[in-house]
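Examining the three-dimensional arrangement
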Amino acid sequence: PKVARCQECHADAENFDINGVQTEVEAMLDELHAIFVERGMLNPETDLWVASASAPLVVPEAVANAMWNYKFVIYDKSMGVHNSAYTKALLEAALEEMKK
């Protein structure tokens, strides 16, 4: 990855786990992943949502929002580096919903 700009402030550009943010985000992602797999919503082998051959996965809106938050953070790939407060808020909201 292109990290020259990051290195202006962060000499150790190989480690962006500032104040443990990435560790915390990874733990929340792992917890959500486990919940989705346990509920039969996420295939642990492919990390794809589970759907039948005839219909897509149908879930309540709040669960769909939790799923969206999870995938949003996964696809960003920064593990919270780009906006740690927002990233953590998304995952905390998703966990709150999925733990109901």
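Treat the numbers as computed from the prediction; the structure is a model and nothing was measured.

Observations concerning the environment of Met-98
The topology assignment puts Met-98 in helix H4 (residues 84-98). On the basis of relative accessible area, Met-98 is assigned to the buried category, the value being 2%. Separated by 63 residues in sequence, Met-98 and Ile-35 have C-alpha atoms that sit 7.2 Å apart. Dropping the residues within four chain positions of it, Met-98 is found in contact with Leu-32, Ile-35, Phe-36, Arg-39, Met-41, Val-63 and Ala-66.

Examining helix H2 (residues 21-38)
For H2, with 18 residues, the first-to-last C-alpha span of 26 Å sits near the 26 Å given by 1.5 Å per residue. Its buried side turned inward, H2 meets helix H3 (61-76) and H4. Looking one or two residues past H2, Gly-40 carries a phi angle of roughly 75°, positive in sign.

Here we look at the pattern of salt bridges
All chains considered together, the criterion is met by 4 salt bridges. A salt bridge links Glu-97 to Lys-100, with the shortest nitrogen-to-oxygen separation between them at 3.1 Å.

A few points about the side chain of Asn-69
Mapped onto the elements, Asn-69 comes out in helix H3. From its side chain, Asn-69 meets the backbone oxygen of Leu-90 in a polar contact 3.1 Å long. Setting aside chain neighbours within four positions, we find Asn-69 in contact with Leu-90, Leu-91, Ala-93 and Ala-94.

Observations regarding the nonpolar core
The biggest cluster of nonpolar side chains holds 19 residues, and the ones touching the most others in it are Leu-32, Phe-36, Leu-91 and Met-98. Breaking this core down by element, the ones donating at least two residues are H2, H3 and H4. No other element matches the 7 residues that H2 contributes to this core.

Considering the side chain of Lys-71
Within the secondary structure layout, Lys-71 lies in helix H3. Side-chain polar atoms of Lys-71 contact the backbone oxygen of Asp-47, separated by 2.9 Å. In this structure Lys-71 touches Asp-47 and Trp-49, once residues within four positions along its chain are discounted.

Some points on the packing of H3 against H4
Contact pair H3 / H4: the axes reach a minimum separation of 9 Å and the direction vectors enclose 145°. As H3 packs across H4, the resulting crossing turns out to be left-handed. Residues Ala-62, Val-63, Ala-66, Asn-69, Tyr-70, Phe-72 and Val-73 of H3 form the contact with H4, whose participating residues are Tyr-86, Thr-87, Leu-90, Leu-91, Ala-93, Ala-94, Glu-97 and Met-98. Considered class by class, the residues forming the contact of H3 with H4 number 12 nonpolar, 2 polar and 1 charged.

What counts and how
- Residues numbered from 1 in each chain as written.
- Predicted model: local features only at pLDDT ≥ 70, side-chain atom pairs only at ≥ 80, totals over all residues.
- Heavy atoms only, no water.
- Helix = DSSP H or I, 4+ residues; strand = E, 2+ residues; numbered from the N terminus.
- Buried < 20%, exposed > 50% of the residue type's maximum accessible area, 1.4 Å probe, protein only.
- Contact = heavy atoms within 4.5 Å.
- Expected span 1.5 Å × (residues − 1).
- Salt bridge = Lys/Arg side-chain N within 4 Å of Asp/Glu carboxyl O.
- Polar contact = N/O pair within 3.5 Å; in protein donor to acceptor, adjacent residues only side chain to side chain.
- Core = buried A, V, L, I, M, F, W, Y, C linked by side-chain atoms within 4.5 Å.
- Axes fitted to C-alpha atoms, helices over the stretch in contact; angles between N-to-C directions.
- Left-handed = near helix turned anticlockwise from the far one by under 90°.
- Nonpolar A, V, L, I, M, F, W, Y, C, P; charged D, E, K, R; others polar.

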